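# Fold and geometry: a report
Below are the chains, spelled out letter by letter.
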Number of protein chains: 2
Amino acid sequence: MTSCAEGGAVGDCRGERPLRRDAERNRQRILRAAAEVFTQRGLDATLDDVARQAGVGVGTVYRRFPDKETLVGELFQDRIDAMVAVAEQACAAPDPWQALVSYLEYATASMAGDLGLRQLMMFATYGRDRVAYAREQMRPVVSKLVERAQATGALRADFSATDVPLIAFMLASAGEYAGPVQPDIWQRYLGLVIDGMRASRDGVSELPVPALSPEEIEESMRAHGQRSSARR
Amino acid sequence: MTSCAEGGAVGDCRGERPLRRDAERNRQRILRAAAEVFTQRGLDATLDDVARQAGVGVGTVYRRFPDKETLVGELFQDRIDAMVAVAEQACAAPDPWQALVSYLEYATASMAGDLGLRQLMMFATYGRDRVAYAREQMRPVVSKLVERAQATGALRADFSATDVPLIAFMLASAGEYAGPVQPDIWQRYLGLVIDGMRASRDGVSELPVPALSPEEIEESMRAHGQRSSARR
DNA sequence: CCTGAGCGGAGGCGGCATCTCCGCTTCGTG
DNA sequence: CACGAAGCGGAGATGCCGCCTCCGCTCAGG
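The model shown is predicted, which means the values in this text are computed figures rather than measured ones.

### As for the protein's contact with DNA strand C
As a structural note, the neighbourhood of DNA strand C is formed by 23 residues, with A:R20, A:N26, A:G59, A:T60 and B:T46 the closest of them. Among all atoms of DNA strand C positioned within 4 Å of the protein, those belonging to sugar or phosphate total 63%. At a separation of 2.8 Å, a base nitrogen of DNA strand C approaches a polar side-chain atom of A:R20. Within the contact set of DNA strand C, a base nitrogen lies 3.5 Å away from a backbone nitrogen or oxygen of A:V58. At the level of secondary structure, the elements contributing two or more residues to the surface near DNA strand C comprise α1 (21–41) and α3 (58–64) of chain A together with α1 (21–41) and α2 (47–54) of chain B.

### Observations concerning helix α7 (residues 128–151) of chain B
At 3.6 residues per turn, the α-helix brings residues three or four places apart onto the same side. Residue and element names in this part refer to chain B. The end-to-end C-alpha distance of α7, which contains 24 residues, comes to 34 Å, matching closely the 34 Å that a straight helix rising 1.5 Å per residue would cover. Those residues of α7 lying buried are V131, A132, A134, R135, M138, V141, V142, L145, V146 and A149. Once α7 finishes, G153 follows within two positions and takes phi at roughly 85°, a positive value.

### Comments concerning the protein's contact with DNA strand D
As a structural note, the neighbourhood of DNA strand D is formed by 22 residues, with A:T46, A:K68, B:R20, B:N26 and B:T60 the closest of them. For DNA strand D, the fraction of protein-proximal atoms (within 4 Å) that sit in sugar or phosphate groups is 65%. In this structure, a phosphate oxygen belonging to DNA strand D sits 2.5 Å away from a side-chain N or O atom of B:N26. A distance of 3.0 Å is found between a phosphate oxygen of DNA strand D and a backbone nitrogen or oxygen belonging to B:G57. For the surface near DNA strand D, the elements supplying multiple residues, two or more each, are α1 and α2 (47–54) of chain A together with α1 and α3 (58–64) of chain B.

### Observations concerning the interface of chain B and chain A
Between chain B and chain A, the residue contacts involve 56 residues of the former and 57 residues of the latter. Interface area for chain B against chain A, summed over the two sides, is near 4600 Å², with a carbon-plus-sulfur share of 63%. On the chain B side of the contact with chain A, B:L166, B:M170 and B:M221 bury the most area, a combined 14% of that side's loss. Linking chain B with chain A are 4 salt bridges, by the criterion used here. Residues B:D195 and A:R156 are paired through a salt bridge, measuring 2.9 Å at the closest nitrogen-oxygen approach.

### Some points on unusual backbone geometry
All names here are of chain B. A positive phi angle, close to 65°, is found at L19, a residue other than glycine. You can see L19 is positioned in the segment before α1. Among the residues examined, L19 registers a relative accessible area of 30% and is labelled partly exposed.

### Some thoughts on the packing of helix α4 (residues 68–91) of chain B against α7(B)
All names here are of chain B. Here α4 crosses α7 at 15°, and the two axes come no closer than 9 Å. Compared by their axis directions, α4 and α7 come out roughly parallel. Between α4 and α7 lies a crossing of left-handed hand. Every residue of α7 that contacts α4 at G73, Q77, I80, M83, V84, A87, E88, A90 and C91 is listed here: R130, V131, A134, Q137, M138, V141, K144, L145 and R148.

### A word on the pattern of salt bridges
For the coordinates displayed, the defined rule picks out 22 salt bridges over all chains. The partner of A:D49 in a salt bridge is A:R41, and the shortest N-O contact between them spans 3.2 Å. Overlapping salt bridges bring together A:R156, A:D158, B:D195 and B:R198 as one network.

### With respect to the packing of helix α5 (residues 96–112) of chain B against helix α8 (residues 163–178) of chain B
All names here are of chain B. Orientation of α5 relative to α8, taken along the N-to-C sense of each, is 45°, at an axis distance of 8 Å. One element, α5, and the other, α8, form an angle in the oblique class. The element α5 and its partner α8 pack so that their crossing is right-handed. Contact residues: L100, Y103, L104, A107, T108, M111 and A112 in α5; V164, I167, A168, F169, L171 and A172 in α8.

### Comments concerning the environment of B:V142
All names here are of chain B. Checked against the element boundaries, V142 lands in helix α7. Each C-alpha atom of the pair V142 and Y103 lies 8.9 Å from the other, and the pair is 39 residues apart in sequence. The residues touching V142, leaving out its near neighbours within four places in the chain, are Y103, A161 and V164.

### So, the relation of the copies chain B and chain A
After a rotation of 180° and a shift along the axis of 0.0 Å, chain B superposes on chain A with an RMSD of 0.1 Å. In symmetry terms, the pair is related by a two-fold rotation axis. Ranked by how close their C-alpha atoms come to the rotation axis, the residues of chain B are headed by B:G196, at 1.9 Å. By residue overlap, the copies meet face to face through one surface: 100% of the interface positions of chain B are interface positions in chain A.

### Observations regarding the environment of B:R156
Along the chain, B:R156 falls in the loop between α7 and α8. Overall, B:R156 belongs to the buried group, its relative accessible area being 1%. Linking B:R156 and B:A199, residues 43 residues apart in sequence, is a C-alpha distance of 3.9 Å. Every residue in contact with B:R156, bar those within four places of it in the chain, is listed here: A:L192, A:D195, A:V204, A:S205, A:L207, B:Q150, B:G196, B:M197, B:R198 and B:A199. A polar atom in the side chain of B:R156 sits 2.8 Å from the side chain of B:D158.

Definitions and limits used
Residues numbered from 1 in each chain as written. Chains lettered and ligands numbered in written order. Predicted model: local features only at pLDDT ≥ 70, side-chain atom pairs only at ≥ 80, totals over all residues. Heavy atoms only, no water. Near = heavy atom within 4 Å. Polar contact = N/O pair within 3.5 Å; in protein donor to acceptor, adjacent residues only side chain to side chain. Helix = DSSP H or I, 4+ residues; strand = E, 2+ residues; numbered from the N terminus. Expected span 1.5 Å × (residues − 1). Buried < 20%, exposed > 50% of the residue type's maximum accessible area, 1.4 Å probe, protein only. Contact = heavy atoms within 4.5 Å. Buried area = accessible area lost by both parts, 1.4 Å probe. Salt bridge = Lys/Arg side-chain N within 4 Å of Asp/Glu carboxyl O. Axes fitted to C-alpha atoms, helices over the stretch in contact; angles between N-to-C directions. Parallel < 35°, antiparallel > 145°, perpendicular 65-115°, else oblique. Left-handed = near helix turned anticlockwise from the far one by under 90°. Least-squares fit on C-alpha atoms with pLDDT ≥ 70 in both.

So, in structure tokens, the structure goes:
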């Protein structure tokens, strides 16, 4: 299918044929649109949705990306990489407790703000090995983060490195529910969890975000009902 | 459609016509099967699935329950009621802190063990007003639970009654992820959160469940991948 | 100006969930 | 026991939806 491998023609052909300028522009539009759509509506979103959002025809999308999986992969690769990179940076921070907390916050924020990423990381419908590899890289780094924090005595001893991804996912899920109404509510529960992670404490640290009001809860429920019928 | 309202026949007819014995038996089977299926696989499960599980034909299901919504409603009504009832019972407990914790545990356990209930309560695709009504009833009771626990000084002052349902949902979501591998993992994070809810503490309370091993996390991911492709 | 890369979007295809229909079975009553 | 009605099963009608293809037209750019 490659345009040049056919007849054993001239020279090396593996360089990307440079793509006409308008085509390249469309490619970028598609990428941007896909990011937006998958982030907000999750991986269930249609490539037709992406096309509409990008303002191009479906055909254009499929010409550029052979299928959904490829597009999703290309899109989230760097976001996953970032996850690993931030963990490594955190390792270099001076205060081990703060380092762990920051990382947890970063991980949660990423997943809370991005339904697609959350689905990708936790339910592996698409980039299984990609994600598995990232997780593999992450593991020792997070372990180190946890051990160090425990060594200073700030982190409770029964906390485990594997708790980190699960907590991030869990908090992000809370955010999912309240998403349309108060997207940052996860910060409140992260605060709570962090206080629970301390080896000991006197008093409490202030929760960064106010609780939802009963009306807001009600509204969340309504919004979710609408969304799931509108989306499907 | 009622069999008796047709011709202005004898006496009162609103009593349920008693249903032949085998039919009643099947009805029960269906109800039991539906409970099992919706609990384990969520509200997306098909009525065909329910029929298969019950060992009856689809037709039988549809003859007894006009549509999915009716069946789901009938099924979850008492589970929702139980949620309210337990809250009220908790109010009567002697130790306010323990009462709140017990209720939180009960609510989380219910949702963690029942995907259908979780979807029903949080995403309201089906019994919107039923759930809304239950929530309405629950609200003052939970408020009381929270206020009392705060009055004793055990519960941090910035905790709010609306945090209760969100926390339950959040913890249950963690359980959802680890479901097939370690269904009780939510208890671990409930422990963590509870320690975070205390106004102050010295040291930590033991977490009731060990963390997942890296292998178990891996396995969860794999299981989820399979499940979502097998189910759809 | 002219050529082919690129475009759009209708529509083919396959899959899936809901619900119906009708010939056969079973209950239970006279 | 016999027979009418209640009940049953499950193939399949129906409608919907997501993925992807195809072909006639457009327009970038040498």
